[in-house]
Amino acid sequence: METFNEGVYSELLEILQNLHPDVDFTTNRELVDAGIIDSFDIVTIISDIADIFDVTISADEIIPENFNSASALAELIKIKLEDEE
């Protein structure tokens, strides 16, 4: 049985792979710092997260630390979902 966190992570990986299919998002920890994703990608990611998970990422949460890895993004989504409960 898939856990809640695994479900969030796999959905997020699908979003990221649609943007850059050539990147290994499971291991890369410098997505923003290395220029792999840019501001346009971040806008798309935020929009897709809002559509799929029904959460809003605020402007003060749009920092490299939250977008440098898939695991950091998944943790942000998890926190946002828990805050809504």
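Residues numbered from 1 in each chain as written. Predicted model: local features only at pLDDT ≥ 70, side-chain atom pairs only at ≥ 80, totals over all residues. Heavy atoms only, no water.

Engineer: Got a sec to walk through the nonpolar core? Specific residues and values, please.
Structural biologist: Formed by 23 residues in total, the largest nonpolar core has its most connected members in Leu12, Ile45, Ile49, Phe53 and Phe67. Every element with two or more residues in this core is listed here: helix H1 (4-19), helix H2 (39-53) and helix H4 (70-83). The residues contacting Leu12, other than those within four sequence positions of it, are Ile49, Phe53, Ala70, Leu73, Ala74 and Ile77. (Core = buried A, V, L, I, M, F, W, Y, C linked by side-chain atoms within 4.5 Å. Buried < 20%, exposed > 50% of the residue type's maximum accessible area, 1.4 Å probe, protein only. Helix = DSSP H or I, 4+ residues; strand = E, 2+ residues; numbered from the N terminus. Contact = heavy atoms within 4.5 Å.)

Engineer: Tell me about H2, residues and numbers included.
Structural biologist: With 15 residues, H2 extends 21 Å between its outermost C-alpha atoms, agreeing within 8% with the 21 Å of an ideal straight helix rising 1.5 Å per residue. Among the residues making up H2, those that are buried are Asp41, Ile42, Ile45, Ile46, Ile49 and Phe53. Take H2 and look down its axis: the buried residues cluster within an arc of 135°, on one side only. Looking at H2, the residues exposed on the side facing more than 90 degrees away from the buried face are Phe40, Val43 and Asp51. Two or three places before Phe40, at the opening of H2, Asp38 has a side-chain oxygen 3.1 Å from that residue's backbone nitrogen. Asp54 sits one or two residues past H2 and shows a positive phi near 60°. (Expected span 1.5 Å × (residues − 1). Arc of directions from axis to C-beta. Polar contact = N/O pair within 3.5 Å; in protein donor to acceptor, adjacent residues only side chain to side chain.)

Engineer: Can you lay out the pattern of salt bridges for me, pointing to particular residues and giving the numbers?
Structural biologist: As enumerated under the stated definition, the model contains two salt bridges in all. Lys80 serves as the salt-bridge partner of Glu61, at 3.1 Å between the closest nitrogen and oxygen. Linking Glu61 in the loop between H2 and helix H3 (64-67) with Lys80 in helix H4, this pair joins segments that are 19 residues apart in sequence. Accessibility assignment for this pair places Glu61 and Lys80 in one class, buried. (Salt bridge = Lys/Arg side-chain N within 4 Å of Asp/Glu carboxyl O.)

Engineer: Could you give an account of the environment of Glu84, with specific residues and numbers?
Structural biologist: With respect to the secondary-structure elements, Glu84 resides in the segment after H4. With a relative accessible area of 48%, Glu84 lands in the partly exposed category. Ignoring any residue separated from it by four or fewer positions in sequence, one finds Glu84 in contact with Asp54 and Val55.

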